[in-house]
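Summary of the model geometry
As a plain string of letters, each chain reads:
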Amino acid sequence: MPLLRNLLTGRTKRSRSGMPRLDGRSTSAGVSVSPDRALQVAAVFSSVRLLAETGSMLPTGVFQRSGNTRLPAMEHPLAPLLTYQANPQLPAGEFWAQVLGWMLTRGNAAAYIERNNGGRPVGLWPVSWPNVETRRVKDTGELVYQVTVDDDEWAPIREDGGLVRAENLLHFRSFGVGGTEGLSPIGMARQSIGTGWAATSYIGSFFQRDASPGGTISVPGKLTDGQFERLLRQWNDNHEGLDNTHRIGVMEGGAKWEKTTLSPADAQFLEVYKMTRAEIAGIYGVPPHMIGDVERSTSWGSGIEQQSLGYVIYSLMPWLTRMERTTQRLLGDPSLYLKFNPDALLRGDTTQRYAAYAQARQWGWMSVNDIRAKEDEPPIEGGDEYVVPLNMSPAGQTAPPEQRALPAPPRVRAAADVPEGAAMVALFPSADVAKKLAVDGGLPAEELHITLAYLGENLSTEQQAAAALVVAGVAAQHEMRAGSVGGLGHFPTGPDEAAPYFATVDVPGLAELRHRLVDALAAAGIEVESGHGFTPHMTLAYVADGHAAPEPVPPTAVGFTDLTLAVGSDRTAYRLNGLRSRPASKQVRAGEAAETPSAEELPSWITRHFEAISAFFADQGDRVLAALGVTPGATAEDLIDLAVDNEALTEILFQLALGLTQEVGAATAASLGGTFTASETSAALAASAASTAANINTTTVEKLSSTINLAQAPADIRKDARAMFDGMTESRARVLAQARVSQTSNFAAHEGAKQGGARTKTWRVWDANPRKTHQRADGQTVGIREDFTVGKRKGRWPHDHRLGVDEIAGCTCRLQFNREDTNADT
């Protein structure tokens, strides 16, 4: 007689089809609220969807605490279940979305742990919480779960009768006040949700059954049937329909028109409906504006970044933390933990976080490894040192102020101190840039360099010859490098050693160049000393203990045109020619001429452009398909917002062009013995990016208009649009990438040559079978600011838009920039 016993004792049992009982499901509005019905209330569905989808989209990782460090533990056997595939049928992201969805509606979520014969977890299977009942073993108090799987669910439950021990089931709980289960947000807020349901139903019924007229005509006295029909017919004939809107009404016989309005009760009920949305958002801790209630303000800040930060910290993180803590039990080791990384949602606040790290590092209360632990990054060698500003003593040490402020010059290693047999492969800046980088009392300008590989002091003659061949071969296969050098840092040393102070180096592609160089040297039997390491830097001075450090170097643009093999004081420079074989050209002295690179010499930039443009097309295609799903009959102009897409693509193209221009312009200027300031080209690059973006998106709209046929079935329209954008992400993106790199690199080289001191430029043909107009232009030399004549057109460089499409398409011509006037024919 369990039913009678429950009734007499006041104990209740949860229904499998409902929520945990919270003094019943009835409400003052006369509506019975269940999670399924609650999700039909727009505010509830919006809140649950927002939290579940936001949480499931975050990247996850498994980490291990080791003392003061945090190390990635993605090799752990359980990491793939939590971060990639929860079970063979369910990706990890979908798994977390289901778990969050159950917690947000039922207050509880369950996942059955499938184990192999060895007892190791091999799958996580979500189970609907209504099919789970918590129990305790009478004698021991052990918590067990009675699991009954419905026909539309499946989980590989091995236990007899579905009685699962706690170690084989992950129980995710929401907030609770005791007991074994979390409280259901919907159960606790059933009154507000019931009111929302009633309001929604009332409004729908209001519009369905409303017979309220828009206005009334009153007349004195009583109308006959004929008069009534005549008055009604006359009014409808003159005022019914769009064409008769706002026509003058003429009333006769004392008739009057009165407009009707919504009753005060009905109007007040609509306000109740709006208030309910805000209340439901408050139950889930979601800002009202994030579920569409834009009438409500927020106190979390006025900017999107601050509002997103508030949402992540106060709305989302409590749920993520609960899942992380529950999952830690599965890992079986207190040092192991799962972490959801919300940085993607806090991208706008990264600057503030890093600024705080910089302050903590500068003033000595955090080391590099302390900061990396905060970011769940592994420690680095030498990262446990605590430092403070140069005019203060090192953390943990003391030094008298007069010693710290001693103005004695630094002790410097002179050129004669270099061991006679020491060999290295390095990059040396041009003479004028080296003079700008040299510090007072530091290394001579001619000694400043970036070491790529240190080969030791005992190379034989044969090894030196082999190294020369290797360096020459690597230089011939890599293009020029450019970037910036600046700042000040130092490496820790022993108490009696001079500390090397250096400027930091930001030159893209150095790591790849060194990797190729080391591999080639190893293949030739020449070992690179690993103890020297590779941290891109340029040593400025060696400072003895107690001496003043040099002043920081301001950021300086630098370009490297040669790869140098140095053995003792002897240096041999090999030109960084790029991935091509140059045709014979007029011999000029080093520093007097430069050439524009081809797109093929810039493969990494082509790849960057292709990936960025392809990603833009993919995102644009997804938005078009989503819009087609809502309005299948929309036109191409409706589907693509040109203003928004032009702005987005302009920013992408501008940032790429800025980086490419910095690299090519600096390298060109450096090869002429000058320097390059990229900021002077920003306006031209921005205008070019905007023009190109507008042309690309306009072409996309035209292509979409000719692709989709609105007379087709919606499924066919979506299929054609999908095929179009799939093609654009490959072939069209690749063609555009090649064209942008060619156009931008020619512009950058031209600007770099102007700033580098070039006086003239010469048109050079590189194609074995060039078009006639280009053949006639070959060797034409004009002033650096003048135009070439190519056919009937004039232009500043190959791929200049002024030459027109016919002269640009397929062009492989280059320019040679000259510091002095040449004798070439004009």
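Given the structure is predicted, the values throughout are model-derived calculations rather than measurements.

Thoughts on the overall build of the protein
Counting secondary structure elements, the protein contains 23 helices and 27 strands. For the protein, the accessible surface area stands at approximately 43,400 Å², while carbon and sulfur atoms represent 53% of it.

Points about the packing of aromatic side chains
Taken as a whole, this structure holds seven aromatic pairs when the rule is applied. An angle of 55° between the planes, with centres 6.1 Å apart, marks the rings of Phe-616 and Phe-617 as tilted. Phe-617 carries the same exposure label as Phe-616, and that label is buried. By the ring-pair criterion, three or more aromatic residues cluster together here, those being Phe-95, Trp-96, Phe-172 and Phe-340. Across the ring face of Phe-610, the terminal group of Arg-734 is positioned such that the distance to the ring centre comes to 3.9 Å.

Here we look at the packing of helix α19 (residues 642-671) against helix α21 (residues 714-756)
Two elements in contact, α19 and α21, have axes whose closest approach is 7 Å; the angle formed by their N-to-C orientations is 45°. When the axis of α19 is compared with that of α21, the two are oblique. In this structure, the crossing between α19 and α21 has a hand that is right-handed. Only Arg-740, Val-741, Thr-744, Ser-745, Phe-747, Ala-748, Ala-749, Gly-752, Ala-753 and Gly-756 of α21 make contact with α19, whose side of the interface consists of Leu-653, Ala-657, Leu-660, Thr-661, Val-664, Gly-665, Thr-668 and Ala-669. Taken together, the residues of the contact of α19 with α21 sort by class into 10 nonpolar, seven polar and one charged.

Focus on the sheet that holds strand β14 (residues 423-427)
Across the sheet, four strands lie side by side as β15-β14-β20-β21; this open sheet has antiparallel pairing. Both edges of this open sheet fall to β15 (450-456) and β21 (570-575), since each of them pairs with a single strand only. Pairs of neighbouring strands in the sheet enclose a mean axial angle of 20°, with direction left out of account. For strand β20 (residues 562-567) and β21, the ladder comprises six bridges, and the chain directions are antiparallel. Pairing of Val-567 across the sheet is with Asp-570, part of β21. This element, helix α16 (residues 510-523), spans β14, β15 and β20 of the sheet and lies at about 15° to β15.

Looking at the side chain of Thr-668
Position of Thr-668 among the secondary structure elements: in helix α19. We classify Thr-668 as buried; its relative accessible area is 1%. Here Val-664 takes part through its backbone oxygen, which lies 2.8 Å from a polar atom of the side chain of Thr-668. Excluding residues that lie within four positions of it along the chain, Thr-668 makes contacts with Ala-594, Ala-749, Gly-752, Ala-753 and Phe-817.

Re the confidence of the model for the protein
Predicted coordinates in regions of low pLDDT should not be interpreted in detail. Scored by pLDDT, the protein comes out at a mean of 75, with 73% of its residues at no less than 70. Confidence drops under pLDDT 50 across residues 1-30; counting only partners more than four residues distant or on other chains, this segment forms 52 contacts. Here residues 579-591 is modelled with pLDDT under 50, and outside its nearest four sequence neighbours on either side it reaches 25 contacts, counting other chains as well.

A few points about the pattern of salt bridges
Side chains that differ in sign of charge can pair as their charged atoms come close. Taken as a whole, this structure holds nine salt bridges when the rule is applied. The partner of Asp-622 in a salt bridge is Arg-722, and the shortest N-O contact between them spans 3.2 Å. Taken as a pair, Asp-622 in helix α17 (residues 603-630) and Arg-722 in helix α21 lie far apart in primary sequence, 100 residues in all. Taken together, the salt bridges that share partners define one network made up of Glu-142, Arg-165 and Glu-167.

Topic: the packing of α17 against α21
Orientation of α17 relative to α21, taken along the N-to-C sense of each, is 160°, at an axis distance of 8 Å. Judged by the inter-axis angle, α17 sits roughly antiparallel to α21. As α17 packs across α21, the resulting crossing turns out to be right-handed. Taken together, the residues of the contact of α17 with α21 sort by class into 17 nonpolar, seven polar and seven charged.

A word on the environment of Leu-459
With respect to the helices and strands, Leu-459 occurs in the loop between β15 and α15 (461-476). Residue classification places Leu-459 among the buried residues on the basis of a relative accessible area of 15%. In the structure, Leu-459 is positioned 108 residues away from Val-567 in sequence and 8.9 Å away in space, judged by C-alpha atoms. Contact partners of Leu-459, with chain neighbours within four places excluded, come to Ala-423, Gln-464 and Ile-526.

Considerations on a nonpolar patch on the surface
On the surface, Leu-223, Phe-228 and Leu-232 cluster together into a nonpolar patch covering about 250 Å² of accessible area. You can see Phe-228 is positioned in helix α8 (residues 225-239).

Description of the nonpolar core
Nonpolar side chains in soluble globular proteins generally cluster together in the buried interior. Among the nonpolar cores identified, the biggest contains 57 residues, and Phe-617, Leu-704, Trp-763 and Phe-817 are the most heavily contacted of them. Among the secondary structure elements, those contributing two or more residues to this core are α17, α18 (636-639), α19, α20 (682-707), α21, β25 (788-790) and β27 (814-818). Counting 47 residues, the second largest nonpolar core, distinct from the first, contains Leu-448, Ile-450, Ala-468 and Leu-513.

Brief notes about the side chain of His-76
As for its placement among the helices and strands, His-76 is situated in the loop between β2 (69-72) and α4 (79-83). Judged by relative accessible area, His-76 falls into the buried class, the value being 19%. Once you skip the residues sitting within four places of it in the chain, His-76 turns out to touch Leu-331 and Leu-336.

A few points about the sheet that holds strand β16 (residues 481-490)
Pairing is antiparallel in the open sheet, where four strands are placed in the order β18-β17-β16-β19. Looking at which strands have only one partner, the edges of the open sheet turn out to be β18 (537-543) and β19 (553-560). In this sheet, adjacent strand axes meet at a mean angle of 30° when their direction is disregarded. Direction of pairing for β16 relative to β19: antiparallel, over a ladder of six bridges. Note on β19: the bridge partner recorded for Arg-481 is Phe-560.

What about the environment of Val-147?
One can find Val-147 in strand β8 (residues 143-147). Assessed through its relative accessible area of 6%, Val-147 is described here as buried. Residues Val-147 and Ser-128 lie 19 residues apart in sequence; the distance between their C-alpha atoms is 9.3 Å. For Val-147, the residues in contact, after removing those within four places along its chain, are Val-127, Asn-131, Val-132, Ile-157, Gly-161, Gly-162, Val-164 and Leu-169.

Some thoughts on the pairing of β18
Across a regular strand the side chains alternate sides, sitting on one face of the sheet and then on the other. Summarising burial for β18: six of the seven residues are buried, a large majority. Sheet analysis places strand β17 (residues 499-506) next to β18, joined by six bridges and oriented antiparallel. Its bridge partner being in β18, Phe-502 is matched across the sheet by Thr-539.

What counts and what doesn't
Residues numbered from 1 in each chain as written. Predicted model: local features only at pLDDT ≥ 70, side-chain atom pairs only at ≥ 80, totals over all residues. Heavy atoms only, no water. Helix = DSSP H or I, 4+ residues; strand = E, 2+ residues; numbered from the N terminus. Areas by Shrake-Rupley, 256 points an atom, 1.4 Å probe, with all protein chains shown as cover. Phe/Tyr/Trp six-rings, centres within 6.5 Å; stacked < 30°, edge-to-face > 60°. Buried < 20%, exposed > 50% of the residue type's maximum accessible area, 1.4 Å probe, protein only. Lys NZ or Arg CZ within 6 Å of the ring centre and 35° of its normal. Axes fitted to C-alpha atoms, helices over the stretch in contact; angles between N-to-C directions. Parallel < 35°, antiparallel > 145°, perpendicular 65-115°, else oblique. Left-handed = near helix turned anticlockwise from the far one by under 90°. Contact = heavy atoms within 4.5 Å. Nonpolar A, V, L, I, M, F, W, Y, C, P; charged D, E, K, R; others polar. Pairing = 2+ DSSP bridges. Polar contact = N/O pair within 3.5 Å; in protein donor to acceptor, adjacent residues only side chain to side chain. pLDDT = per-residue confidence, 0-100. Salt bridge = Lys/Arg side-chain N within 4 Å of Asp/Glu carboxyl O. Patch = residues over 30% accessible without salt bridge, like charges linked within 9 Å, V, L, I, M, F, W, Y side chains within 5 Å. Core = buried A, V, L, I, M, F, W, Y, C linked by side-chain atoms within 4.5 Å.

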